[in-house]
Structures are given as structure tokens and as C-alpha cells.
Amino acid sequence: MGPGRRNGWMVLCAAVATAVAVVDALVGGALALIALLSAGPLLGSTRLGPGRTAALAAYAVLLGAGLGLPEDDFASGDHVIRVAILGALCGVAVWAAYLGDRLRSSRDQLRAILENVADGVVAQDRSGGLVFANQAAVRAVSDAVAGRFEVRDEDGRPLDPDELPARRALSGEEPEPTVVRFREHDTGEERWSLVKATPLRDEAGEVDMAISVMQDLTDRIRAQRAERFLSESSKLLSTSLDYGTTLRRVAELAVREMADWCGVDVVDENGQLDRVAVAGADAPGDAAPPEWRRPSDDAYGVLRSGRSSLGPGATMAVPMVARGRPVGVLSFVASGPRRYDSEDLLLAEELARRAAIAVDNARLFGERAYIARALQESLLPPALPEMPGVDVAARFRAAGQGNEVGGDFYDLFDTGHPDRWAVVIGDVCGKGAPAAAITALARYTLRAAAMRGLRPSAVLHVLNDAMVRQRRDEEFCTVAFGRLDRNGAGARLTVASGGHPLPFVIRADGRVQSAGAPGTLLGVTADPALADASVDLDPGDAVVLYTDGVTDARAPARVLTQADLADVLRGCKGLDAAAIAERLERAATASNGDPRAPVEPRDDVAILVLRVLGG
């Protein structure tokens, strides 16, 4: 109540006391009316503070004391008692004013607190009528009453009003907090609130009122949805190095979360944009309108400027930048009432940043794989030479995705002596550039030494000396070097092994035996133990050289033993060199023993087969 209204009310209360005194004086002898003088202070206590009520009380007591003069009863026992009763009633009025002032003060403080909290607070009576709502609640309630919002549950399903916590609290339940999703019809903007309701009961235990609190969760849920969206997109971007397929999945994810159409453009080798992915909310990408199947002018503008574009409607275009250079553009369109804001733009830019890294990594991996393949091919014979009277075949399978140079190698070449050929298979420790360097050293050192007509063991000694002279930590290799001399219809194989698995000989009648003697790894000691061993080959006999990738292809689940390999090779009786090599490779990589379901080998696989022809 304002000061003017308080003063007016005080004058009115004083007038009431004065009127009672006048009536009492006119009646005369009816001194019992003195008690009614307390009506003024009691009336004042309902709206005035204790100070003004005390002033009214003092005025009323003075009037009561003065009424004793017309009756000549001033200061008599009856008069004193009546004035005392009046004083007591006026004291009650002052005390009531004090309590009322405290109550109003507490109420005003509570109202001020509730009006200034961010959460909406609503009180409803047992009929559902609105008793109290702070400003935050008034805005939400008025918008809902006006029909501006659709009310849904957290997952977006329509929410029955009877399921709201306030309704359930009024029906006597103790409802669990419920997340309510509001979607504005005009703009498509969505907000979330955590609604809690508590029933207040009277002395009989009946629900008298329900208090609801609405906590705005919009910022938190948007942040959680954005984090979840980015986490899911990162998983998609890391699942494959085929960025075309991956970006299509990301576009589909974007449509599900933040757009009705999403297009992904990648910069090609000519600096032009190529739309590699497009997805729509109501149709697959291949059903996109023609204008969505090619990069837009806005996308090219973003590519040139390097800055994001937030259209006046519901469009966004953001650059994909990796290592300081643009690699593409992401474009978004939302239909209907939805409009993009700065938060949507930040989310799109973070998605574009992650997509750009995926595109760049895929390109780098592709370039690395190409270089690795080219280098690997340079370390292997481009084609096996034709050997008179000998059928030759080789198989090579790099482990993993082929982005590193493997350590396995083989070679077959003419030594320059009549009817004499050198056959080599080896395995260098490690992968990548260091392995490639050792492979090149081994291959060309062996070729040079073989041309000098040295025995196989002497050739391996030459390679060992070369490796020891330039040896670095953990650089060694295993090599099986053989010299094949044609001898009429047959041939003689002289072989030395530097720590490498010994070759197998498949006889024409199906018998299988090993050839050579075990030796020391090359590149480890200055004087390795190396020995030559010879075996004669008749028409139909075959020699099989291999690396330990054959035995370890399925490790650790299973490692093939020498006996396992011998069993496989015994079944190769009568097969040509290519068929023998293929059967051995299939046996090495077979999943659970099924050659029709090969596994990815854990190590490189190299196989070289020479079969002496008849006649």
C-alpha cells in the first residue's frame, strides 16, 4: 500500500474512533461504548504497520480517558477499568499490526525471491485454478494457453495433459519429475523444462494445492544433444578411410539432428567443388532435387572467403578446413518454420572441422598407400623370368591395408652362367622405410654376389658383411638363397639358409621333404653359421620357398607347423607351380580351416614355387 493510501486509511480509522466517542458522549451514561473505541486501531491493524496502529491506539485511549469528564466519572474505578480494557484491546491491535507487517514482509520477500528465480513456480488449487505464478511461469503458461507451443515428452511424442506432474499431484500422486519439450509453432524453436510437482495436503490429508516448479533445461539439453551428435559423427568419420561413404553417413546424421537437407562438397584436384554426399529428411540422397545435386553459389562463396554463411532463412554453409587449407563445404537447409541461430552455426562449424580432418586423413592415407605400393613393387620383380624347363610362380600378399612397405621379398634371376639361376626369398625385420632400405640392400647385394659365381653360403656371407658394416639397432633379416643348375632333364638345387625357414621339395610321387640346413640370422654377428646343401630334382619335382608369414598368418589363434605345411603340400601332387602357390596361400589364410573364408594375414606372405618340367 502506498503512503497516500496508508494516510487515508489512518484518517478513516481515526474517524471511526472519533465517531464512537461522539456517540458515547451523546448517549451519556453508556460508558460501555468505550471498548468500541478499539475498533479504529483494530481496523487500522489490518492495513497499517505497527507504528501507525500504535498512534491510532494512543488516540483511542486518550478519547476513552476523556469520556469520563462529561459523566463526572473521570478516574473512578469503573472508568479506570474500562480504559484499561480499551488499552488492552488497543495493545492487541498494535500486536496484530506487528504480526501483519511481518507476514506482509515475509510474503513480499518470498514473492520477490520467486519472481527473480529463473525457474517457473506455479501454485494451483484443488480445482486446477491458478493461485500463484511467477513471471517465468506466467510467460510459459500464457504461451501454452495461447496455443503457441506443442507440448511433448522428452523424445518428441505428444504429451497428454493428464500426464503432466501438476495434474497427477492434484489427483493425489507423488509424481516423478518429467522432462517436457515445448515446440513453438511459428519458429520451430524447441525448449525443454524439467517439471516437478508436489501436492500440499490439509489436516484431513486431502490435496489442497499443488506446487509446480519448471526448471529450464534448454541450454543443457542442447549442449548434450550437440555433444552426442558430434560424438556420433566422430565415430562415423573414423570407421572408414573411404571418405565418400563416410561423408554420406554424416550427411544422413545431420539430417536426423539439424537439417532437412544436407550436402557435402569436396574440393577436387582442379580446385572445384564436387558434391560427394547429399541426404534429405523425406527422401534419399538420390531423390534430391536437381539443385541439390550440385554445389550452390553460396558454397563456392564460402569456399572462396573461408568464412561461414548463415542465410536470412534456414540455410547454412560452413567451410571444411584442414591444415589451413579448404577441403570442402558443408551446406544445410531447414524447411518449415525453423530458423538457424548462432548456436546451430557453431555446431555446424565443429562438424565441418571434424569432417575436414577425416577427408584430409583419407587423402593422406591414399597417398601413403600409393607410395607404399609403388615402393613395394620396386622391391619385387615386376615379372618372373621364363626359365627353360622350369615352371615358375609366386604369390605375395601384404598384411594390413597396404599403407606400409612390408619386409618380405623374393627374387629369381639368371646369374650369367649357362643353365644356372639364382632363387631368393627373404624376410626383413620391421616395416616401412627402414625395412625398404634393408630389402633394397639385400636384394641388390645378393644379385651382385651371385654374379661372381660364389656358393650360396658365400653369397649370404657377403650380404651379412654388408649389413654388419652399416647395422643399426634391430636391423636383421632372414634369407634362403638357392642356386638352381639345369642338368639334362632334371636339375640340382644348392641352398643356404640365413635363419630362414627351409624350402620344401615336393617329389613327383607326392613325397615331401625339406631342403638345406638351418643357419644364423643375417646382420647380427660377423661370422654367422651358414652351410650349403644340395638336392637333385627330377621332372615333376617342385621346390617351395616361403616366408614365416605363411605359418603365422592366423597367429595367435593358430600357427602352422612344418608338419601342417607338409600335409598341405602332399596334396599338391601333379599340380603346376601356380596351383601349388595358390593352395599354400589359401591354407595359410583360411579362417577356421575354411579356405573359402580367408582372414587378413597378420604378416606379409611370400611364396615362390619352381617345378621341373618333364623332358
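Residues numbered from 1 in each chain as written. Predicted model: local features only at pLDDT ≥ 70, side-chain atom pairs only at ≥ 80, totals over all residues. Heavy atoms only, no water.

### Describing the overall build of the protein
Just so we agree on the cut-off: Elements are defined by DSSP. Helices are runs of H or I of four residues or more, strands are runs of E of two residues or more, and each kind is numbered from the N terminus. Partly exposed describes any residue whose relative accessible area lies between the buried limit of under 20% and the exposed limit of over 50%, with all areas from a 1.4 Å probe on protein chains only and scaled to the type maximum. Throughout, a residue-residue contact means that at least one pair of heavy atoms, one from each residue, lies within 4.5 Å. Note that accessible areas follow from Shrake-Rupley with a 1.4 Å probe, and for residues the cover is restricted to the protein chains shown.
Along the protein, the regular secondary structure elements total 15 helices and 23 strands. For the protein, with 615 residues in total, the buried portion stands at 43%. Partitioning the contacts of the protein with sequence separation of at least 6, the portion at a separation of at least 24 is 64%. Total accessible area on the protein is roughly 30,300 Å²; 53% of this is exposed by carbon and sulfur atoms.

### Re the sheet that holds strand E16 (residues 490-498)
Basically, it comes down to this: Strands are labelled as partners when DSSP assigns at least two bridges between them. Convention adopted: a line fitted to C-alpha atoms gives each axis, helices being fitted over their contacting stretch, and angles between N-to-C directions are expressed from 0 to 180 degrees.
Strand order across the open sheet formed by five strands is E13-E14-E15-E16-E19, with antiparallel pairing between neighbours. Each edge of the open sheet carries a strand with a single partner, namely strand E13 (408-414) and strand E19 (533-537). The mean angle between the axes of side-by-side strands here comes to 15 degrees, regardless of whether they run parallel or antiparallel. The pairing of E13 with strand E14 (residues 420-428) spans seven bridges and is antiparallel.

### Here we look at helix H3 (residues 50-66)
Note the threshold: Every helix has an expected span of 1.5 Å times one less than the residues it contains. In this context, the arc is that of the directions from the helix axis out to the C-beta atoms.
For H3, with 17 residues, the first-to-last C-alpha span of 24 Å sits near the 24 Å given by 1.5 Å per residue. When H3 is considered as a whole, its buried residues turn out to be Thr53, Leu56, Ala57, Ala60, Leu63 and Gly64. The buried residues of H3 occupy an angular sector of 125 degrees when the element is viewed end-on, so they sit on one face. Across H3 from its buried face, at more than 90 degrees, point the exposed residues Gly51 and Leu62.

### Details of the packing of helix H11 (residues 432-450) against helix H12 (residues 456-469)
Note the following rule: Just so you know how the angles are binned, under 35 degrees is roughly parallel, over 145 roughly antiparallel, 65 to 115 roughly perpendicular, and the rest oblique. We call a crossing left-handed when the near helix sits turned anticlockwise from the far one by less than a right angle, and right-handed when that turn is clockwise.
Their axes nearest at 9 Å, the elements H11 and H12 cross at an angle of 140 degrees. As the angle between them shows, H11 and H12 are arranged oblique. The handedness of the crossing between H11 and H12 is right-handed. Between H11 and H12, the contacting residues are Ile438, Leu441, Ala442, Thr445, Leu446, Ala449 and Ala450 on the first element and Val459, Leu460, Val462, Leu463, Ala466 and Met467 on the second.

### Notes on the side chain of Asp411
Here is the rule: Here a polar contact is taken to be a pair of N or O atoms separated by no more than 3.5 Å, where protein atoms must pair a possible hydrogen donor with a possible acceptor and residues adjacent in sequence count only if both atoms sit in side chains.
Locating Asp411 in the fold gives a position in strand E13. A polar atom in the side chain of Asp411 sits 3.2 Å from the side chain of Arg443. Only 2.8 Å separates the side chain of Asp411 from the side chain of Arg447, close enough to count as a polar contact. Those residues in contact with Asp411, other than ones at most four positions away along the chain, are Pro381, Ala422, Val423, Val424, Arg443, Arg447 and Leu608.

### Section: the environment of Glu585
Tracing the backbone through its elements, the reader meets Glu585 in helix H15 (residues 577-589). Considering only alpha carbons, one finds Glu585 and Arg397, 188 residues apart in sequence, at a separation of 8.9 Å. Ignoring any residue separated from it by four or fewer positions in sequence, one finds Glu585 in contact with Arg395, Arg397 and Ile607.

### Considerations on unusual backbone geometry
Despite not being glycine, Arg323 has its phi angle at roughly 50 degrees, a positive value. Tracing the backbone shows Arg323 in the loop between strand E10 (315-322) and strand E11 (325-333). Even without being glycine, Asp419 reaches a positive phi, approximately 55 degrees. Tracing the sequence through the fold places Asp419 in the loop between E13 and E14. For Asp419, a relative accessible area of 48% gives the class partly exposed.

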